[in-house]
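Chain by chain, the residues run as shown.
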Amino acid sequence: MNNTIKFKIDGKEIVAEMGKTIVEAAKENGVYIPTLCNFPGVPPKGGCRMCTIKINGRFMTSCTTPAAAGMEIESDTAEINDLRKSIIELLFVSGNHFCPACEKSGNCELQALAYKYQMMVPKFPYSFPLKEVDASSPKIIKDQNRCVLCQRCMKTIKTEDGERYFAFENRGDKLEVILDPELGQKMTDEIAKLAMDNCPVGSIIQKEVGFVEPIGTRKYDKEPIGTDIDV
Amino acid sequence: MKEKILEIISNYNKDKTRLMDILHDIQSVAGYVDDESIELLHQELGISTSQVREVISFYHFYSNEPLGKVNIYLNDSVTAEMHGREAILETFEKECNVKEGSVSEDGEFGLFHTSCIGMNDQEPAAIINGKMFTRLTPYRVKEIVKDLKGGKDIKELIYEGDGGGRNALPEIHSMVCNNIRRRGALLTHDYTPFEVTKTVLSNTSPDEIIDVVETSNIRGRGGAGFPTGMKWKFGRKAKGDHHVIICNADEGEPGTFKDRVILTEFPELVFEGMVIGAYAVGADIGLLYLRYEYKYLLNYLNKVLDDMRSNNLLGKNINGIDGFNFDIRIQLGAGAYICGEESALIESLEGKRGEPRDKPPFPVEKGYLNYPTVVNNVETLALIPKILTKGSDWFLSLGNKASSGTKILSISGDCNYPGIYEVEWGTSIKDILDMCGALDVQAIQVAGPSGALIGEKDFGRTISYTDLPTGGSMIVFGKERNILTDVVMNFINFFIEESCGSCSTCRNMTTVLKERFTKILDGKGVPSDIDDLLNWSELLKVSRCGLGQTAANPITSSITNFRHLYENLLQKNVEFDTGFDLEESVKASCAAVGRQPILHNM
């Protein structure tokens, strides 16, 4: 049985293995679709809506939708880029994101996406929410001001028994990702580093190390997000 | 207490997919889910304590903090407010010596607000220790509190008497009234329950059943309107070790209460609809997800199921049909509007937070525990036995071409005869207003907050899948109502409260829109604010589920149909205003330093 399918993104033909999501298939074919909450190796949960595309005129998330033969997908269009920019702006005004003082600056996907979509001042009013910083763990700081609730830490940082270090609390506009107090105490340096690396923003910061790599020479300082994929 | 908690957990075989039931049971013996119980759940179920809290904090009716001995949940739907909720709240606060949202110092009373509890035709209403109290007056509140303080049991306090119909049965014994004002295909008593199960199933193939359902053109009555026959066909085709049929009895759309009445008066039809569906789809697992607010019906519904079991209408080889094994379990929800969305409902059934799933895959392919799952509304299922008895032609003769059959409407608000009306699809809004005695109507909310707010120019339109689709909620607003402050604001708050928060647009945009809407209400609006509201609302359309996608509807449909109400509030001849209040913003720091700055108005 032939396991390969063909479909189109913005008119470009994509050849992919059956079962791949649209984001994966696009990436393999040199087409960048922006993502934020998606993380390789764990099940997607269209949470950030950044990878929204249009299939046959319908909005879908490309991280959760399997590619199918013959799909005609719109991605890099004025309409969709505008709404992606709006989502980034929305995330900025809903938290307290002050890039110059953030350890993740230059390695932050939210910041990189804001540059990519040329956000100047968000069109939405800032909400300046009062958020807490949890420094109770000896290994990490969980800063709620910067959390975009992408669930990447929840999905990827687990104990050997499969218990999660991070979990949701409350719902709606009161929703937060919190660190399990007990597991936070037992955290190893390796887990702490992994949690920080997997966080797309500066919400999880490893303690006692900082600014090892100077701002200005970091990942997205050198090349804009997505340029490693786009051909 | 520790032994009791461990016993509860082992009653459910330490199965974490039964966390909803475990939490309900713990809360009923311990009053709330305390830290010790959470620790035990962590040890016994193999999930971190935060994972337990994650579920507790999602649902309105679970608590990790001590509740009162008596807990009062006062409905805050718009209809409750229109019928004097404020006076009821004040009286409760005074008599119980407690502020809304807290527990009294002596630990006797907890007083909380809650989203629509399905009593819109008999507001103001409250749930007190699981019992429903409707048509409250300040006098009655004083009496209830006095009697509770005097040590009377909650069951002794229903001085109104029972609400009639089966509400009078000892298993229910509730003051809730059915208020059935118009009966049609479903609500007419012209069918002996289980006749189809007893006489039709044994000589009809599942495919033939699906054929009849498909030909009848019946579509889902919950609001989305998906063709039921097609759903069953997909469910039957999908492969899995088990197949599941779920009855969605989580009606949470503010203003709807028809499922409550169907479940009270016609549960046999609903359950038989599930049995027929199970036969057609090949399901062996049946679940009815009952919203927590209707807990007062739980024992009664379980008794109906027990009777069915003893008559071989559930269980093994149902009615002698070899290999037809099917049973139904009722799962109680815990207070989350979003669980009315079928995939969120399934998540909840699996003991998790009720967050909608990404689709595809749809539940008919991968639903409850990843088995193919058909989810149907209460009203849809209750119609099935009748369609199979009277035939699809009969059903097609009712309603109109796009929408066959009848629709049960829950009508409330400013009308003389609020209640349940079963009408044919295609009935005009004007006719419906005449039926319910609505005079001097300014606006009607059709299909609840997620539907549309329409004014007089649309009263000639009809309820239909091709015109005004509806799950059944209809709230009437008279001329004296302030649509923006009383109605739209209530709905905006509802969506903020009930968003699961897991997708960025719904979690954040609802509050951004509220800020801009409030700016206009506060008299600081400029013309561009109305455009902002409309343009920004578009972003919600990329949300994951129906809640998010429709969360801006109260704003957009009120702008579309009542734009003048917004324009009247705008500042005259002002094109730009940030809405920033400098004086207000520096108030706290002025108080701290004890000095007043000189403010320059920009």
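Residues numbered from 1 in each chain as written. Chains lettered and ligands numbered in written order. Predicted model: local features only at pLDDT ≥ 70, side-chain atom pairs only at ≥ 80, totals over all residues.

Counting secondary structure elements, chain A contains 7 helices and 10 strands. Its C-alpha atoms give chain A a radius of gyration of 18 Å, near enough to 17 Å, the size a compact globule of 231 residues would have. C-alpha atoms of chain A, sized along the principal axes, occupy 50 × 45 × 35 Å. Looking at the 231 residues of chain A, the share that counts as buried comes to 45%. The long-range share in chain A, meaning contacts at least 24 apart out of those at least 6 apart in sequence, stands at 65%. (Helix = DSSP H or I, 4+ residues; strand = E, 2+ residues; numbered from the N terminus. Rg over C-alpha atoms; globule rule 2.2 N^0.38 Å. Buried ≥ 20, exposed ≤ 12 C-beta atoms within 10 Å, placed from the backbone. Contact = placed C-beta atoms within 7 Å.)

Secondary structure summary: chain B contains 24 helices and 15 strands in total. In summary, chain B has a C-alpha radius of gyration of 25 Å against a globular reference of 25 Å for 602 residues, a match within 12%. Overall size of chain B, expressed as C-alpha extent along the three principal axes, is 85 × 60 × 50 Å. The burial tally for chain B puts 52% of its 602 residues in the buried class. Within chain B, contacts between residues separated by at least 24 positions form 71% of all contacts whose residues are at least 6 apart in sequence.

Right, let's get into the environment of Ala447(B). Residues and elements named next belong to chain B. Looking at where alanine 447 falls in the secondary structure, it is placed in the loop between strand S13 (441-446) and strand S14 (452-455). Taking the C-alpha atoms as reference points, alanine 447 and glycine 471, separated by 24 residues in sequence, lie 5.6 Å from one another. With sequence-adjacent residues up to four places away left out, alanine 447 is seen in contact with Gly223, Ala452, Pro469, Thr470, Gly471 and Ser473.

Facing 33 residues of chain B, the contacting portion of chain A comprises 35 residues. At the level of elements, helix H4 (49-56), helix H18 (483-498) and helix H19 (504-521) of chain B are the ones that each hand at least two residues to the side of chain B that touches chain A. By residue number, the principal contributor to the side of chain B that touches chain A is H19(B), which donates 8 residues. Of the residues contributing to the side of chain B that touches chain A, the split by class is 10 nonpolar, 13 polar and 10 charged. (Nonpolar A, V, L, I, M, F, W, Y, C, P; charged D, E, K, R; others polar.)

Right, let's get into the domain arrangement of chain B. Residues and elements named next belong to chain B. In terms of domain boundaries, chain B breaks down into domain 1 (2-56), domain 2 (70-160), domain 3 (182-396) and domain 4 (406-481). Domain 3 and domain 4 are separated by 27 Å when their C-alpha centres are compared. Contacts between the two partners involve 19 residues from domain 3, matched on the other side by 22 residues from domain 4. Residues of the side of domain 3 that touches domain 4, tallied by class, amount to 6 nonpolar, 6 polar and 7 charged. (Domains from an automatic or database assignment.)

As a further point, take the domain arrangement of chain A. Residues and elements named next belong to chain A. Split by domain assignment, chain A resolves into domain 1 (4-76) and domain 2 (84-209). Computed over C-alpha atoms only, the centres of domain 1 and domain 2 are separated by 25 Å. Taken residue by residue, the interface counts 10 residues in domain 1 and 14 residues in domain 2. Among the residues forming the side of domain 1 that touches domain 2, the class breakdown is 7 nonpolar, 1 polar and 2 charged.

Here the focus is the nonpolar core. Counting 236 residues, the largest nonpolar core has Val270(B) and Ile444(B) as its most contacted members. Among the elements that make up this core, the one with the highest residue count is helix H12 (residues 267-281) of chain B (10 residues). (Core = buried A, V, L, I, M, F, W, Y, C linked by C-beta atoms within 7 Å.)

Here the focus is the sheet that holds S13(B). All names here are of chain B. Strand order in the open sheet formed by 6 strands is S6-S12-S11-S15-S13-S14, and the pairing between neighbours is mixed. Each of the sheet's edge strands pairs with one partner strand only, and the pair in question is strand S6 (180-182) and S14. Strand-to-strand, the axes of this sheet are offset by a mean angle of 30°, without reference to chain direction. Sheet topology note: the S13/S14 ladder contains 4 bridges and is antiparallel. (Pairing = 2+ DSSP bridges. Axes fitted to C-alpha atoms, helices over the stretch in contact; angles between N-to-C directions.)

Residue and element names in this part refer to chain B. If you trace the 4 strands from one edge of the open sheet to the other, you get S9-S8-S7-S10, paired in parallel fashion. A single partner strand is all that each edge strand has here, and the edge strands are strand S9 (327-332) and strand S10 (373-377). Mean inter-strand twist for the sheet, computed between neighbouring axes without regard to direction, equals 20°. Bridging between strand S8 (residues 285-290) and S9 involves 6 bridges; their strand directions are parallel. Bridge assignment links isoleucine 285 to a residue of S9, and that residue is aspartate 327. Along the sheet, helix H15 (residues 378-390) contacts strand S7 (244-249) and S10; its crossing angle with S10, the most-contacted strand, is approximately 90°.

This brings us to helix H7 (residues 138-149) of chain B. Residue and element names in this part refer to chain B. Between the first and last C-alpha of H7 there are 17 Å, a value that for 12 residues agrees with the 16 Å anticipated at 1.5 Å per step. Within the span of H7, buried status applies to Val141, Ile144, Val145 and Leu148. Projection of H7 onto a plane perpendicular to its axis shows the buried side chains occupying an angular sector of 95°, all on one side. Facing away from the buried side of H7 by over 90 degrees, the exposed positions are Tyr139 and Lys146. Summarising the contacts, the buried residues of H7 are in contact with strand S1 (70-75), helix H6 (85-96) and strand S5 (131-133). Just beyond H7, the residue with positive phi is glycine 151, at close to 90°. (Expected span 1.5 Å × (residues − 1). Arc of directions from axis to C-beta.)

Here the bond from Lys359(B) into Pro360(B) is cis, since omega is 0°, no more than 30 degrees from zero. Examined against the element boundaries, Pro360(B) turns out to sit in the loop between helix H14 (342-349) and S10.

Turning our eyes to something else, we now look at the confidence of the model for chain B. Low-pLDDT portions of the prediction should not be read for the details of their coordinates. Averaged over every residue, the pLDDT of chain B is 96; the share at 70 or more is 100%. With pTM at 0.96, the complex prediction returns an ipTM value of 0.96. (pLDDT = per-residue confidence, 0-100.)

Before going further, it helps to spend a moment on the packing of helix H2 (residues 78-94) of chain A against H19(B). Put simply, H2(A) and H19(B) touch, their axes get as near as 10 Å, and they point 65° apart. With respect to the hand of their crossing, H2(A) and H19(B) are arranged in left-handed fashion. Where H2(A) abuts H19(B), its residues Ile87(A), Leu90(A), Leu91(A), Val93(A) and Ser94(A) lie against Ser504(B), Thr505(B), Asn508(B), Met509(B) and Val512(B). Within the contact of H2(A) with H19(B), the residues separate by chemical class into 6 nonpolar, 4 polar and no charged. (Left-handed = near helix turned anticlockwise from the far one by under 90°.)

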